[in-house]
Amino acid sequence: MRKTELLVPAGSLEVLKTAVVYGADAVYLGGEAFGLRAKAKNFTTEEIRTGVSFAHARGVKVYVTANILAHNEDLAGVEAYFEELRDVGIDALIISDPGVFAIARRVLPDMEIHISTQANNTNYGTYLFWYGLGAKRVVSARELSLKEIREIRDHIPDEMEIESFVHGSMCISYSGRCLLSSYLAGRDANRGECTHPCRWKYSVVEETRPGEVLPVYENERGTFLFNSKDLCMIEHIPELMEAGIDSFKIEGRMKTALYAATVARTYRRAIDDFLKDAKLYQENLEWYRTEIGKSTFREYTTGFYFGKPGPKTQIYDNSTYVKNYAYLGSVGEADARGFVRLTQKNKFSVGETLEIMKPDGRNILTEVRGIYTLDGEARESAPHAKEELLVDLAGGDAKPYDILRKAL
């Protein structure tokens, strides 16, 4: 059986550190340009350097996305950006455009290159093409079944790697190549500016009645024609491994640290349990299901892995997420009194019961005994996002990088 990598997204330095601590083997992130998540916080070159240092000190790799479909005016900037990355220490670049690939090979000849799913990688001929040009890894199109991935593995060199998405949002368009955002909002999804119009509510117009909007109802809330469920393969780790996939990729570079921690910790344990004992993995399935449900999600589907999706893979009555827990913040260092430092993300109050989420898989209930500003002012609640606070938690169990969350 091939060694399995757990690859987790990082939209900020905070999320990168969380992903590393909660079980990622590698993280992927975008710089300030040339990635496909322009609205994510993204990383400056110095932040990438800091992230690489943090990750490498813990044996975790860092990959940087440069996977836009480039236009002429992008190419000079791409070259300058790759020059910037030369001495940062990243482990690989993720690229989809052949022109960008050629620049990377020239400017960073020793850099490992992975081919993005945006390149529509649907057959072993495509894999062999990129391998012949020097790519180490190709990310499979999300439209492939496990049977097709197994066939790709059987036709490519053993040292070539297959990366596949196993969790997260699904795109309405083939391998993410969508024109809806560009057409409806003037924001090009293929250059990192998607406005997610596939999640909008739609009506119809009859051609002889211009301007007269006719609502389409699945229920009283309207209809959502293009709204896919989220991918989740936590119950199918054995099948993913049997298909010969090297890297299990989590989607979500715009998600919170709670999402990164929840998904990374759950898949980490599932992978490790299965490698230890297939029976242990089966015994712990309910734990995986429960824990993965504590992240924010839009119901779950297995996507294309077991055949083409049918009507049940779409959500027709709303575009909202299922949210069972609120992210309150990541625990920092404690002061001499044992009060932990916290950059607050959502409101909580004195007397509330919270859950301390630990990297080792434990969830510990605790009571908020006190909330204080850094100047020592006592508070009954913490309503202001991003405020730096000191929190007195019963039990003294909270340690740096633990996450505080509360059930909703």
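Definitions and cut-offs
Residues numbered from 1 in each chain as written. Predicted model: local features only at pLDDT ≥ 70, side-chain atom pairs only at ≥ 80, totals over all residues. Heavy atoms only, no water. Helix = DSSP H or I, 4+ residues; strand = E, 2+ residues; numbered from the N terminus. Buried < 20%, exposed > 50% of the residue type's maximum accessible area, 1.4 Å probe, protein only. Areas by Shrake-Rupley, 256 points an atom, 1.4 Å probe, with all protein chains shown as cover. 1 Å grid on protein atoms, 1.4 Å probe; cavity = no way out; pocket = protein on both sides within 12 Å on 5 of 7 lines; lining within 4 Å. Points joined across faces, edges and corners; volume = space filled by probe spheres on them. Nonpolar A, V, L, I, M, F, W, Y, C, P; charged D, E, K, R; others polar. Arc of directions from axis to C-beta. Axes fitted to C-alpha atoms, helices over the stretch in contact; angles between N-to-C directions. Parallel < 35°, antiparallel > 145°, perpendicular 65-115°, else oblique. Left-handed = near helix turned anticlockwise from the far one by under 90°. Contact = heavy atoms within 4.5 Å. Pairing = 2+ DSSP bridges. Right-handed = clockwise from strand over helix to strand, strands pointing away. Salt bridge = Lys/Arg side-chain N within 4 Å of Asp/Glu carboxyl O. Phe/Tyr/Trp six-rings, centres within 6.5 Å; stacked < 30°, edge-to-face > 60°. Lys NZ or Arg CZ within 6 Å of the ring centre and 35° of its normal. Core = buried A, V, L, I, M, F, W, Y, C linked by side-chain atoms within 4.5 Å.

What follows concerns the overall build of the protein chain. When helices and strands are tallied, the protein chain shows 11 helices and 19 strands. Split into buried and exposed, the 408 residues of the protein chain put 52% on the buried side. For the protein chain, the accessible surface area stands at approximately 18,300 Å², while carbon and sulfur atoms represent 51% of it.

Under the counting rule described, the total for this entry stands at three cavities of 30 Å³ or more. There is about 70 Å³ of room inside the largest cavity. In terms of lining residues, the largest cavity is bounded by 13 residues, among which Ala141, Arg142, Phe165, Leu231 and Tyr305 are the most central. Taken together, the residues of the lining of the largest cavity break down into eight nonpolar, four polar and one charged.

Now for helix 11 (residues 285-292). Listing the buried residues of helix 11 in full gives Leu285, Tyr288, Glu291 and Ile292. One face of helix 11 carries all of its buried residues, which in axial projection span an arc of 135°.

This part covers the packing of helix 1 (residues 13-21) against helix 9 (residues 257-276). Between helix 1 and helix 9, whose axes approach to 9 Å, the crossing angle comes to 15°. One way to sum up the angle between helix 1 and helix 9 is to call them roughly parallel. The hand of the helix 1/helix 9 crossing is right-handed. Taken together, the residues of helix 9 that come into contact with helix 1 (itself represented by Glu14, Val15, Thr18 and Ala19) are Ala257, Ala260, Ala261 and Ala264. When its residues are assigned to classes, the contact of helix 1 with helix 9 shows six nonpolar, one polar and one charged.

Moving on, we get to the side chain of Thr266. Mapping Thr266 onto the fold places it in helix 9. Take Thr266: its relative accessible area is 0%, and that puts it in the buried class.

A few words now on the pairing of strand 7 (residues 161-168). Counting buried residues along strand 7, eight of its eight residues qualify, which places the element largely inside the surrounding structure. In the sheet, strand 6 (residues 137-139) pairs with strand 7 via three bridges, with the strands oriented parallel. What sits directly across from Arg137, in strand 7, is Glu161. Taking the sense of rotation as the criterion, the β-α-β connection linking strand 6, helix 6 (residues 146-155) and strand 7 turns out right-handed. Pairing geometry for strand 7 and strand 11 (residues 247-250), over four bridges, is parallel. What sits directly across from His167, in strand 11, is Ile250. Direction of pairing for strand 7 relative to strand 10 (residues 230-232): antiparallel, over a ladder of two bridges.

Let us now look at the pattern of salt bridges. Enumeration according to the criterion identifies 32 salt bridges in this entry. Arg265 is paired through a salt bridge with Glu291; the nearest N and O atoms lie 2.7 Å apart. Here Glu291 lies in helix 11 and Arg265 lies in helix 9, a separation of 26 residues in the sequence. Given a relative accessible area of 2%, Arg265 falls into the buried group. Three or more residues joined by partner-sharing salt bridges are found here, namely Glu5, Lys136, Arg137, Glu161, Glu163 and Lys249.

One pass over the structure, following the stated rule, counts eight aromatic pairs. Taking the centre distance of 6.2 Å and the plane angle of 35° together, the rings of Tyr81 and Phe82 count as tilted. The same class applies to Tyr81 as to Phe82, namely buried. Positioned over the ring face of Tyr28 is Lys249, at 4.5 Å from the centre of the ring. When the ring centre of Tyr325 is taken as origin, the NZ or CZ atom of Arg405, which lies over that ring, is 5.0 Å away.

Side chains of strand 14 (residues 340-343) alternate between two faces, with Val340 and Leu342 buried and Arg341 and Thr343 left unburied. Inspection of the sheet shows strand 13 (residues 325-334) paired to strand 14 by two bridges, in the antiparallel sense. Residue Ala334 lies in a different strand from strand 14, and its bridge partner there is Val340. The hairpin formed by strand 13 and strand 14 contains five residues between the paired strands, and Gly338 there has a positive phi angle of roughly 90°.

Moving on, we come to the environment of Leu7. Along the polypeptide, Leu7 turns up in strand 1 (residues 5-9). Under the relative-accessibility criterion, Leu7 is labelled buried at 0%. Separated by 53 residues in the primary sequence, Leu7 and Val60 have C-alpha atoms spaced 9.7 Å apart. Setting aside its immediate chain neighbours within four residues, Leu7 contacts Ala26, Val27, Tyr28, Tyr63, Arg137, Glu163, Ser247, Phe248, Lys249 and Ile250.

Further remarks concern the nonpolar core. Of all hydrophobic cores here, the largest spans 93 residues; its most connected members are Ile48, Phe82, Leu93, Ile237 and Tyr267. Of all the elements, helix 9 adds the most residues to this core, at 11 residues. Aside from chain neighbours lying at most four places away, what touches Ile237 is Phe248, Tyr267, Ala270, Ile271, Phe274 and Tyr281. With 16 residues, the next largest nonpolar core counts Leu354, Ile364, Leu389 and Leu404 among its residues.

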